[in-house]
Amino acid sequence: MNYDRFFVDAIDALRRERRYRTFAEIERDAQHFPRAVWHSPGGPRDIVVWCSNDYLGMGSHPKVVEAMCETAKKRGAGAGGTRNISGNSHEIIMLERELADLHGKESGLVFTSGYISNATGISTIVKLIPECVVLSDELNHNSMIEGVRQGGRQKAIFRHNDLEHLEELLKAAGDRPKVIAFESVYSMDGDISPIAGICDLAERYGAMTYLDEVHAVGMYGPRGAGVAERDGVMDRVDVIEGTLGKAFGVVGGYITGKRAMIDAVRSYAPGFIFTTALPPAVAAAAAASVRHLKGSQAEREGQRAQVAKVKAALAAAGLPQLETPTHIVPVMVGDAKACKMASDLLLAEYGIYIQPINYPTVPRGTERLRITPTPFHDDALIAHLAKALSDIWERLELPYADRMAESDLLRRTAAGQHAPIPLPMAGG
């Protein structure tokens, strides 16, 4: 039996669909963020990264780097095991206290990644609630979808940010326990959920709320706790999940909520129990970042200013950006092959690194370049980006904003590409 052919055939299928993913070998430059070195086929080259989720540059912040280095010198490089055996470090305990305080919750629990905190957190919570029905936004991240699937409970999918459809499903669920799972900032379209409206429905129909704030923590609210804090509804959300690997600039994920719920997840979740803990140095660096962003507005204000300048520069050039109220700037291409070509040309000829976003991350026909400006993308870099994109659009004969508007692609978000979802709930 030639087992290799199964894998070769699978990769060939991705190549035919223009969905095969390539990764540039990059060395980040902590002293000159967002600049980096690309190990290109022709040798090392200086580039500028425009698609990092290190939204505020905190991965290079002196306080964060110092906390990591000093703790590693004192505690060593690793955690020593799972938290149940030998990895329950003082630094992780301090980090969890910082996170609980950030979100105004009784307790917090740290995981090795945001993906794991969602997949393990959701699945464990719903397994512990008998006869639970999970109501999930159709554009939820794969980690949330996996959490719902692994939980094994009945689920209902509501149309993206559609409160009327959500209410229909809540009514259909009756008196059974219910969990509404949704995000604050949706990372591909850059839109924001109606958190207050969802909380209103949850309270009316006796549902528990689970909010993913991974693309919002550090970024929004007076202390960087996210959109729920900004909107004054954080206390109405039962579970707030976040990541330490985006605006906080490190790695890891977490959930916060009432003490009993957090303790139950800690006690039952396989993805927590059987996984080696974050190293103390990582936990210390994350805590330093959280503490800093609780008190500093400079990073958030600087980023908002540069995001506005990027959006204005792209609009002036007539480039087809999807309008968003957030820091995410999707530039729509609408074709997988062209999107990959544009990304390759930007890197090879302009020293600009922006990964193409293709199916299955977004629906076919909505392929895009996802730009995430930071406070450190200065005006000269913004001008260079706008000029490079304009050149690429001309060379590849890509549609500008006016033509995109005619085809309705700029008004047609990923949610609009999904088939209508029937009212009856799908099984498990």
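Being a predicted model, the structure only gives us computed values, none of them experimental.

Q: Help me understand the pairing of strand 7 (residues 178-183), please; the structure alone is not making it clear to me.
A: On a regular strand, one side chain projects to one face of the sheet and the next to the other, so that they alternate. Strand 7 sits mainly inside the fold: six of its six residues count as buried. Every second residue of strand 7 is oriented toward a common face, with Lys 178, Ile 180 and Phe 182 on one face and Val 179, Ala 181 and Glu 183 on the other, all of them buried. Here four bridges tie strand 5 (residues 133-137) to strand 7, and the two strands are oriented parallel to one another. Bridged to Ser 136 within strand 7 is Ala 181. Pairing of strand 7 with strand 8 (residues 207-212) involves six bridges; the strand directions are parallel. By the bridge assignment, Ala 181 is partnered in strand 8 with Tyr 210. Handedness of the strand 7-helix 7 (residues 195-205)-strand 8 crossover: right-handed.

Q: In this structure, what is going on with the layout of surface pockets? I would like to understand it.
A: Over the atoms a probe the size of a water molecule is rolled, and this reveals where empty space is left. Approximately 310 Å³ is the volume found for the second largest pocket. Taken together, 16 residues form the lining of the second largest pocket, with Glu 96, Ser 107, Gly 108, Leu 109 and Arg 266 sitting closest to its centre. Contributions of two or more residues to the lining of the second largest pocket are made by helix 3 (90-103), strand 4 (107-111) and helix 9 (259-268).

Q: So what exactly am I meant to see when it comes to the pairing of strand 9 (residues 239-243) here?
A: Across the five residues that make up strand 9, a large majority, five, are buried. As paired strands, strand 8 and strand 9 are joined by three bridges and run parallel to one another. Paired with Asp 212 across the strands is Glu 241, a residue of strand 9. Sheet topology places strand 9 next to strand 10 (residues 253-257); four bridges connect them, and they run antiparallel. The residue bridging Ile 240 from the neighbouring strand is Thr 256, located in strand 10.

Q: Help me out: how do you make sense of the pattern of salt bridges in this one?
A: One side chain can pair with another of opposite charge once the charged atoms of both are near each other. For the coordinates displayed, the defined rule picks out 23 salt bridges. Here Arg 149 ties to Glu 146 by a salt bridge, and the two come within 2.7 Å at their closest N and O atoms. Remark: Glu 146 and Arg 149 occur in helix 5 (residues 142-151); sequence separation between them is three residues, near one turn of the helix. Under the relative-accessibility criterion, Glu 146 is labelled buried at 19%. One network of salt bridges, with partners in common, ties together Glu 98, Asp 101, Arg 223, Arg 291 and Lys 294.

The rules behind the values
- Residues numbered from 1 in each chain as written.
- Predicted model: local features only at pLDDT ≥ 70, side-chain atom pairs only at ≥ 80, totals over all residues.
- Heavy atoms only, no water.
- Buried < 20%, exposed > 50% of the residue type's maximum accessible area, 1.4 Å probe, protein only.
- Helix = DSSP H or I, 4+ residues; strand = E, 2+ residues; numbered from the N terminus.
- Pairing = 2+ DSSP bridges.
- Right-handed = clockwise from strand over helix to strand, strands pointing away.
- 1 Å grid on protein atoms, 1.4 Å probe; cavity = no way out; pocket = protein on both sides within 12 Å on 5 of 7 lines; lining within 4 Å.
- Points joined across faces, edges and corners; volume = space filled by probe spheres on them.
- Salt bridge = Lys/Arg side-chain N within 4 Å of Asp/Glu carboxyl O.

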